[in-house]
Amino acid sequence: MDANRCLEGKVIVITGAGRGIGREIALLAGAQGASVVVNDLGVSATGAGADASPADEVVAEIIAGGGKAVANPDNVADWDGAQRIIATAIDNFGRIDSVVNNAGILRDSIFHRLSPEDFDKVVKVHLYGSFHVARAAAPYFREQQSGSYVHFASASGLIGNFGQANYAAAKLGVAGLSKSIALDMAKFGVRSNCIVPFAWSRLIGTLPENTEEERQRVARFKSMGPEKIAPLTVFLASELARDVTGQIFAARRNEVFLMSQPRPIRSMHRAEGWTPATLAEQMLPAFKPDFYGLDKSADVFSWDPI
């Protein structure tokens, strides 16, 4: 395999590929030899409207560079739409080798003001959308005994952020979905991994800048281009990562991180069992030094991107 053409002969579906991170992934995938399905509904950052031109422009750019690409305008939040996204790959290129679940919207709100509609819309796009498109590709992957998924999680879900309960819930769900897919599909030679991206995008552009801390956070994101996320994504989609599955990575400018996954860190047992009182008297003081604080992603990734 030519490492500089690591997707040669492969067919890749990238959702939300009309702008931002998805666009950069699509362009690099095309340059690396893939036939690319550029899926994008063309909605606003909050999920409103529709516009075919962003996807069409990415397709034109890939083709102008000597690659192969086709646009798809279907909605990942719709089961039938997801079927059509994968069908676009089969109908145009004869197969499907990789799915990148990148599509997303934001409807941020402090929790006590978060509406059921805004919770539902965000979960439908991020979590249901990732399931829909992944599930639509699964029968093809199973039949050909190969395939790869790259899903986009978020530090909001893995660590935490203000005003993003809907987004955090969806993205932590995506991490769980990815691990389950990795377990269920391993016997068919199928891999599934997650990326936590740190990059400036339309969605990040909706973050508030009301305090100095918020302004610094946005300035830090502006220094991280979406093109920095594409190499890790293409690597994980390709056979260069043939032995990598069930993992969560983060990408932050020129930094790559392997993220932890929940595991027991302390244990206690009591032969006669527990009562609320003994939990307070014995378990709590033993465990409390290892409790996690109410950290936000900016607290954990507190240094300037490298």
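Everything here concerns the structure above.
K.L.:
Can you tell me about unusual backbone geometry, naming the residues and giving the values?
P.N.:
Trans peptide bonds make up the majority, and among non-glycine residues the majority have a negative phi. Even without being a glycine, Gln145 presents a positive backbone phi close to 60 degrees. Following the sequence through the fold, Gln145 ends up in the loop between α4 (116-144) and β5 (147-152). The backbone phi angle of Arg253 is positive, close to 50 degrees, even though this residue is not glycine. Along the chain, Arg253 falls in the loop between β7 (248-252) and β8 (255-258). A relative accessible area of 25% means that Arg253 is categorised as partly exposed.

K.L.:
Give a description of the nonpolar core that names residues and reports values.
P.N.:
The biggest cluster of nonpolar side chains holds 33 residues, and the ones touching the most others in it are Ile12, Ile14, Val36 and Val38. Those elements that provide at least two residues to this core are β1 (11-15), α1 (20-31), β2 (35-39), α2 (53-64), β5, α8 (230-237) and β7. When residues no more than four places from it in sequence are discounted, the contact partners of Ile14 are Gly22, Ile25, Ala26, Ala29, Val36, Val37, Val38, Asn39 and Val100.

K.L.:
Summarise the pattern of salt bridges; cite the residues concerned and give the values.
P.N.:
This model, assessed by the stated rule, comprises 13 salt bridges. A salt bridge links Arg270 to Glu272, with the shortest nitrogen-to-oxygen separation between them at 3.5 Å. Take Arg270: its relative accessible area is 22%, and that puts it in the partly exposed class. Each of Arg23, Glu24 and Glu61 takes part in salt bridges that share partners, so that together they form one network.

K.L.:
Mind laying out the packing of aromatic side chains, listing which residues take part and the relevant values?
P.N.:
Scanning the entire structure with this criterion turns up 6 aromatic pairs. An aromatic cluster is defined as three or more aromatic residues linked by ring pairs; in this entry it consists of Phe198, Phe257, Phe301 and Trp303. One cation-aromatic arrangement involves Lys124 over Tyr128; the distance from NZ or CZ to the ring centre is 5.6 Å.

K.L.:
Report on helix α3 (residues 79-93), specifying residues and quantitative values.
P.N.:
For α3, with 15 residues, the first-to-last C-alpha span of 22 Å sits near the 21 Å given by 1.5 Å per residue. Within α3, burial applies to Gly81, Ala82, Ile85, Ile86, Thr88 and Ala89. Taken together, the buried residues of α3 touch β1, β2, β3 (68-72), β4 (98-101) and α4. Here α3 starts with a cap whose side-chain oxygen sits 3.3 Å from the backbone nitrogen of Asp80, and that cap is Asp78. Downstream of α3 by a residue or two, Gly94 has a phi angle that is positive, lying close to 85 degrees.

K.L.:
Run through the environment of Asp80, naming residues and quoting values.
P.N.:
Its place among the elements puts Asp80 in helix α3. In this structure Asp80 comes out as partly exposed when scored by relative accessible area, which is 47%.

K.L.:
Before we move on, could you go through the state of the cysteines and cite the residues and values that matter?
P.N.:
The tally for this structure, following the rule as stated, stands at 0 disulfides. Free cysteine Cys6: the closest other cysteine sulfur is in Cys194, separated by 19 Å.

K.L.:
Help me get a handle on the side chain of Thr88, residues and values and all.
P.N.:
Tracing the sequence through the fold places Thr88 in helix α3. When its relative accessible area of 12% is taken as the criterion, Thr88 is described as buried. Side-chain polar atoms of Thr88 contact the side chain of Asn72, separated by 2.9 Å. Engagement of the side chain of Thr88 in a polar contact is seen with the backbone oxygen of Arg84, the distance being 2.8 Å. Contact partners of Thr88, with chain neighbours within four places excluded, come to Val37, Val70, Ala71 and Asn72.

K.L.:
Which residues make up the sheet that holds β5, and what values do they have?
P.N.:
Reading across the sheet, the 8 strands line up as β3-β2-β1-β4-β5-β6-β7-β8 and stay open at both edges, with mixed pairing between neighbours. Here the strands that pair on one side only, and so sit at the sheet edges, are β3 and β8. Averaged over neighbouring strand pairs, the angle between their axes works out to 20 degrees when direction is ignored. In this structure, β7 lies alongside β8, joined through 4 bridges in antiparallel fashion.

K.L.:
Just give me the short version of the environment of Arg113, but keep the residues and values in it.
P.N.:
Within the element layout of this structure, Arg113 appears in the loop between β4 and α4. Distance from Arg113 to Val43, taken between C-alpha atoms, is 24 Å for residues 70 residues apart in sequence.

Quick notes on the rules
Residues numbered from 1 in each chain as written. Predicted model: local features only at pLDDT ≥ 70, side-chain atom pairs only at ≥ 80, totals over all residues. Heavy atoms only, no water. Helix = DSSP H or I, 4+ residues; strand = E, 2+ residues; numbered from the N terminus. Buried < 20%, exposed > 50% of the residue type's maximum accessible area, 1.4 Å probe, protein only. Core = buried A, V, L, I, M, F, W, Y, C linked by side-chain atoms within 4.5 Å. Contact = heavy atoms within 4.5 Å. Salt bridge = Lys/Arg side-chain N within 4 Å of Asp/Glu carboxyl O. Phe/Tyr/Trp six-rings, centres within 6.5 Å; stacked < 30°, edge-to-face > 60°. Lys NZ or Arg CZ within 6 Å of the ring centre and 35° of its normal. Expected span 1.5 Å × (residues − 1). Polar contact = N/O pair within 3.5 Å; in protein donor to acceptor, adjacent residues only side chain to side chain. Disulfide = S-S within 2.5 Å. Pairing = 2+ DSSP bridges. Axes fitted to C-alpha atoms, helices over the stretch in contact; angles between N-to-C directions.

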